[in-house]
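A structural walkthrough
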Amino acid sequence: MKIGVPIEIKNNENRVGMTPSGVFELTKRNHVVYVQKNAGFNSGFLDADYVNAGATILDTIEAIYDVAEMIVKVKEPIEPEYKLIKPNQVVFTYFHFASSEVLTNAMIESNAICIAYETVEDADGSLPLLIPMSEVAGRMSIQQGAKYLEKPIKGRGILLGGIPGVPPAHVMVLGGGVVGIQAAKMAAGLGANVTIMDINMKQLRYIADIMPANVNTEFSSEYNIRRHLPKTDLIIGGVLIKGAKAPKLIRKDMLKDMRPGTVIVDVAVDQGGCFETTKPTTHEEPTYIIDDVVHYSVANMPGAVPYTSTVGLTNVTLPYVIKLANDGWEKACENNASLSKGLNIVKGKIVYKEIAEAFDLEMN
């Protein structure tokens, strides 16, 4: 199969869809891999690294899309890429369709085969291709939250871990999944007082068992969330509903209950965000302020640490890329139940229920 790896053109997206190691595993199986010139540069991989692994370097993104039977990338295609995608071309990437009707309609019109990393699902309900980026984003959410709590950037001016004689900050984490656990782990390690909320009692029991004493668990409800708002310094939104829009757990009217300079970090922004006031931001302009509350909602947080993110992503996507390349998408999805759940849009038809429901569209 002919596989294309283009440069990511989303704002400040420094990751690349495949490492040279991944290219090597494909070319040794007699597949042809085309990598756009300088696609891996910001992730620490040179064109020479890809050539040594067996790739062919092409100068332009148009050339990559024109020659490839399958595109392997990181982020969803954006408007300049829509016209480059061909009918019957496999596009394997993070799509997060439920957060964008424009993207959904564009991919329907493309007649491509859209396989979304974020909905590939194992038998136990886990999302193997989302986990490493959720791990990165969860850990980064505390780094960014700690930074934006600083007074020069309009935060409360509080150090997460405090110092002897000065109490630490209070952190509330909404969602006890991968993002939430990683965020709570980082915040606790810095010495903050952490409350992690979820509606899954089994998960809360697990978290209570593995976390240190400065992490408390609590059942997530509007009442309980509101009760914490006046004393919380940093709120992390890490709620995920597979393939669907995130629920709005904090509404605009609740901002008035927070102290000026409180920071909220919405890791769920790719799925529409779990705060009503969330709007996607970029690494160039990561924050905005509403009612004296600092909002951080960068839609590609792991793009800021591209080496870690690219290696972590290729580690989990490569086995599926190999299956798709070896067998073709139809046979690969027929033989692999996890991969079949990644099918979102196929030749102009929505085949994933949550996407159809998000925009009241017909599912096939």
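Presented here is a report on the structure given in the accompanying data block. All values derive from a computational prediction rather than experimental measurement.

The next subject is the side chain of Thr104. Residue position: Thr104 is located in helix α5 (residues 101-110). Take Thr104: its relative accessible area is 0%, and that puts it in the buried class. If near-sequence neighbours (up to four positions away) are discounted, Thr104 is found in contact with Phe97, Ile345, Ile350, Ile355, Phe359 and Leu361.

This part covers the pairing of strand β12 (residues 287-290). Relative to strand β13 (residues 293-296), β12 runs antiparallel, the two being bridged by four bridges. What sits directly across from Tyr288, in β13, is His295. Here β12 folds back onto β13 in antiparallel fashion, the turn holding two residues, of which Asp291 has a positive phi close to 50°.

Now for the packing of aromatic side chains. What the rule picks out here adds up to six aromatic pairs. Ring centres of Phe45 and Tyr307 lie 5.8 Å apart, and the angle between their planes is 35°; this geometry places the pair in the tilted category. Of this pair, Phe45 sits in the loop between β2 (32-36) and α2 (47-52) while Tyr307 sits in helix α10 (residues 306-327), and the two are 262 residues apart along the sequence. Judged by its relative accessible area of 11%, Phe45 falls in the buried class. Through successive ring pairs, a cluster of aromatic residues spans Phe45, Tyr50 and Tyr307. Looking at Lys279, its charged tip hangs above the ring of Tyr288, at a distance of 4.6 Å from the centre.

Now for α10. The terminal C-alpha atoms of α10 lie 30 Å apart, and with 22 residues this matches the ideal 32 Å at 1.5 Å per residue to within 8%. A bend of about 45° at Thr317 is the largest found in α10, and the proline Pro319 appears one to four places after it. Backbone geometry just downstream of α10 places Gly328 in the positive-phi region, at approximately 80°.

Summed over all chains, the structure comprises 18 salt bridges. Residues Asp291 and Lys252 are paired through a salt bridge, measuring 3.5 Å at the closest nitrogen-oxygen approach. Here the residue Asp291 occupies a position in the loop between β12 and β13, and Lys252 occupies one in the loop between β10 (234-237) and β11 (263-266), the gap between them amounting to 39 residues. Classification of Asp291 by relative accessible area gives partly exposed; the value is 43%. Note that Lys256 is salt-bridged to Asp253, the shortest N-O span being 4.0 Å. Overall, Lys256 belongs to the exposed group, its relative accessible area being 60%. When its relative accessible area of 33% is taken as the criterion, Asp253 is described as partly exposed.

In this model helix α6 (residues 131-148) runs 25 Å from its N-terminal to its C-terminal C-alpha over 18 residues, within 8% of the 26 Å that 1.5 Å per residue would give. Along α6, the residues classified as buried are Pro132, Met133, Ser134, Val136, Ala137, Gly138, Met140, Ser141, Ile142, Gln144, Gly145 and Tyr148.

A separate point is the packing of α6 against α10. Orientation of α6 relative to α10, taken along the N-to-C sense of each, is 155°, at an axis distance of 8 Å. Overall, the two elements α6 and α10 adopt an arrangement that is roughly antiparallel. Each of Pro132, Met133 and Val136 in α6 lies in contact with α10, whose residues at this interface are Thr308, Ser309, Gly312, Leu313 and Val316. Taken together, the residues of the contact of α6 with α10 sort by class into five nonpolar, three polar and no charged.

For the rest of this paragraph, the subject is the sheet that holds strand β14 (residues 343-346). Taking strand neighbours across the sheet as the criterion, the eight strands line up as β3-β2-β1-β4-β5-β6-β14-β15 in an open arrangement whose pairing is mixed. The open sheet has two edge strands with one neighbour each: β3 (56-58) and β15 (349-350). Examined bridge by bridge, strand β5 (residues 90-93) and strand β6 (residues 113-116) share four bridges and lie parallel to one another. Note on β6: the bridge partner recorded for Val91 is Cys114. Packing of α5 onto the sheet brings it into contact with β6, β14 and β15, and relative to β14 it is tilted by some 55°.

This part takes up the layout of surface pockets. In this structure, the largest pocket encloses a volume near 1200 Å³. What lines the largest pocket is a set of 49 residues, and nearest its centre among them are Gly177, Val178, Gly238, Val239 and Leu240. Elements with a minimum of two residues in the lining of the largest pocket: α6, α7 (178-189), β8 (193-198), α8 (201-210) and α9 (222-228). With four residues, α6 is the single largest residue contributor to the lining of the largest pocket. Of the residues assigned to the lining of the largest pocket, the class counts are 25 nonpolar, 14 polar and 10 charged. Quantified by volume, the second largest pocket comes out at close to 270 Å³. Taken together, 21 residues form the lining of the second largest pocket, with Ser99, Ser100, Val269, Asp270 and Pro280 sitting closest to its centre. In terms of residue class, the lining of the second largest pocket is made up of nine nonpolar, six polar and six charged.

Cut-offs applied
- Residues numbered from 1 in each chain as written.
- Predicted model: local features only at pLDDT ≥ 70, side-chain atom pairs only at ≥ 80, totals over all residues.
- Heavy atoms only, no water.
- Helix = DSSP H or I, 4+ residues; strand = E, 2+ residues; numbered from the N terminus.
- Buried < 20%, exposed > 50% of the residue type's maximum accessible area, 1.4 Å probe, protein only.
- Contact = heavy atoms within 4.5 Å.
- Pairing = 2+ DSSP bridges.
- Phe/Tyr/Trp six-rings, centres within 6.5 Å; stacked < 30°, edge-to-face > 60°.
- Lys NZ or Arg CZ within 6 Å of the ring centre and 35° of its normal.
- Expected span 1.5 Å × (residues − 1).
- Bend = angle between axes of the 7 residues up to and from the residue.
- Salt bridge = Lys/Arg side-chain N within 4 Å of Asp/Glu carboxyl O.
- Axes fitted to C-alpha atoms, helices over the stretch in contact; angles between N-to-C directions.
- Parallel < 35°, antiparallel > 145°, perpendicular 65-115°, else oblique.
- Nonpolar A, V, L, I, M, F, W, Y, C, P; charged D, E, K, R; others polar.
- 1 Å grid on protein atoms, 1.4 Å probe; cavity = no way out; pocket = protein on both sides within 12 Å on 5 of 7 lines; lining within 4 Å.
- Points joined across faces, edges and corners; volume = space filled by probe spheres on them.

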